[in-house]
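Fold and contact review
So you can see what is in the structure, the chains are spelled out below.
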Amino acid sequence: MLLTILIPCLNEEETLGICVSKAMQYICEHGINGEVLVADNGSTDRSVEIATNLGARVVSIPERGYGSALIGGTKAARGDWIIMGDADDSYDFSDLDSFMDMINMHGDCDLIMGNRFKGGIDKGAMPFLHRYLGTPVLSMIGRILYRNKIGDYNCGMRCYNRKRFLDLDLKCPGMEYASEMIIQASLHNYKIYEVPI
């Protein structure tokens, strides 16, 4: 299987259906041998039911945390490549061409980061301090410390080579997992690219 679209989830019944539907439609419209995988982190609402009814595969990840859901989801994924994105409809699962184009152009890449600053941020989609201070400063520090060119360290939509990231054996259970991915990929000299989203 080429692609797993991985969506970590905890009580996202209001928006999960939109995300799963867009992801399923993308796979179908582009004739991709792929799957939509929801890594459920203990939802008590209708999230699991919604995802299953829309055709997604759901795996239960008992260890709590964003990182735990993504680690468990990565282990359970069947695709050679994983595109991850949040279940709150903040990323557009119907527009994944930039990631797929990068895979086709650079099949040897390991991590493809989305960059919201290059692609466009809708008004009100990111708090003022995050947009103009937090994320740019964190990204600048990361670029200096880990010698990479990533412009949006906090972007939650990324694509990565499943096997290469399983080799890293990432451990962070919470939100820090997002930074751990980049840091470990940089320290291991993985090939990292960036696309506007």
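Residues numbered from 1 in each chain as written. Predicted model: local features only at pLDDT ≥ 70, side-chain atom pairs only at ≥ 80, totals over all residues. Heavy atoms only, no water.

As for unusual backbone geometry
Non-glycine residue D169 carries a positive phi angle of around 55°. According to the relative accessible area criterion, D169 is partly exposed, its value standing at 42%. Phi is positive for N189, close to 55°, though the residue is something other than glycine. The residue N189 is located in the loop between α8 (177-187) and β7 (192-196) in this model. N189 gets classed as exposed once you look at its relative accessible area, which sits at 65%. (Buried < 20%, exposed > 50% of the residue type's maximum accessible area, 1.4 Å probe, protein only. Helix = DSSP H or I, 4+ residues; strand = E, 2+ residues; numbered from the N terminus.)

A look at α8
Those residues of α8 not exposed but buried are Y177, A178, E180, M181, I182, A185 and S186. Residue N189 follows α8 closely and has a positive phi angle near 55°.

Comments concerning the sheet that holds β7
Spatially, the seven strands line up as an open sheet ordered β3-β2-β1-β4-β6-β5-β7, and their pairing is mixed. The open sheet terminates on both sides in strands that have one partner only, identified here as β3 (57-60) and β7. Ignoring which end each strand starts from, the neighbouring axes of this sheet average 25° apart. Summarising the sheet, strand β1 (residues 3-9) and strand β2 (residues 34-40) pair through seven bridges and their orientation is parallel. The residue of β2 that forms the bridge with C9 is D40. Against the sheet, helix α4 (residues 97-105) makes contact with β1, β4 (81-84), β5 (111-115), β6 (158-161) and β7, and its axis sits at roughly 145° relative to β7, the strand it touches most. (Pairing = 2+ DSSP bridges. Axes fitted to C-alpha atoms, helices over the stretch in contact; angles between N-to-C directions. Contact = heavy atoms within 4.5 Å.)

Some remarks on the confidence of the model for the protein
Overall, the predicted model of the protein reaches an average pLDDT of 88, with 82% of residues at or above 70. In the predicted structure, residues 126-134 sits below a pLDDT of 50 and forms eleven contacts with residues beyond four places in sequence or in another chain. (pLDDT = per-residue confidence, 0-100.)

As for the pairing of β5
The element β5 is largely enclosed, with a buried count of five among its five residues. Residues L111, M113 and N115 line one face of β5 and the alternating positions I112 and G114 line the opposite face, and both faces are buried. Pairing analysis gives five bridges linking β5 to β7, with the strands arranged parallel. Paired with G114 across the two strands is V195, which belongs to β7.

Quick look at the pairing of β6
Looking along a regular strand, one sees the side chains alternate between the two faces of the sheet. The two faces of β6 match: R158 and Y160 on one face and C159 and N161 on the other face are all buried. The pairing of β4 with β6 spans four bridges and is classified as antiparallel. Following the sheet pairing, I82 is matched in β6 by Y160. Two elements, β5 and β6, share three bridges in a ladder whose sense is antiparallel. Of the residues in β6, the one forming a bridge with L111 is Y160.

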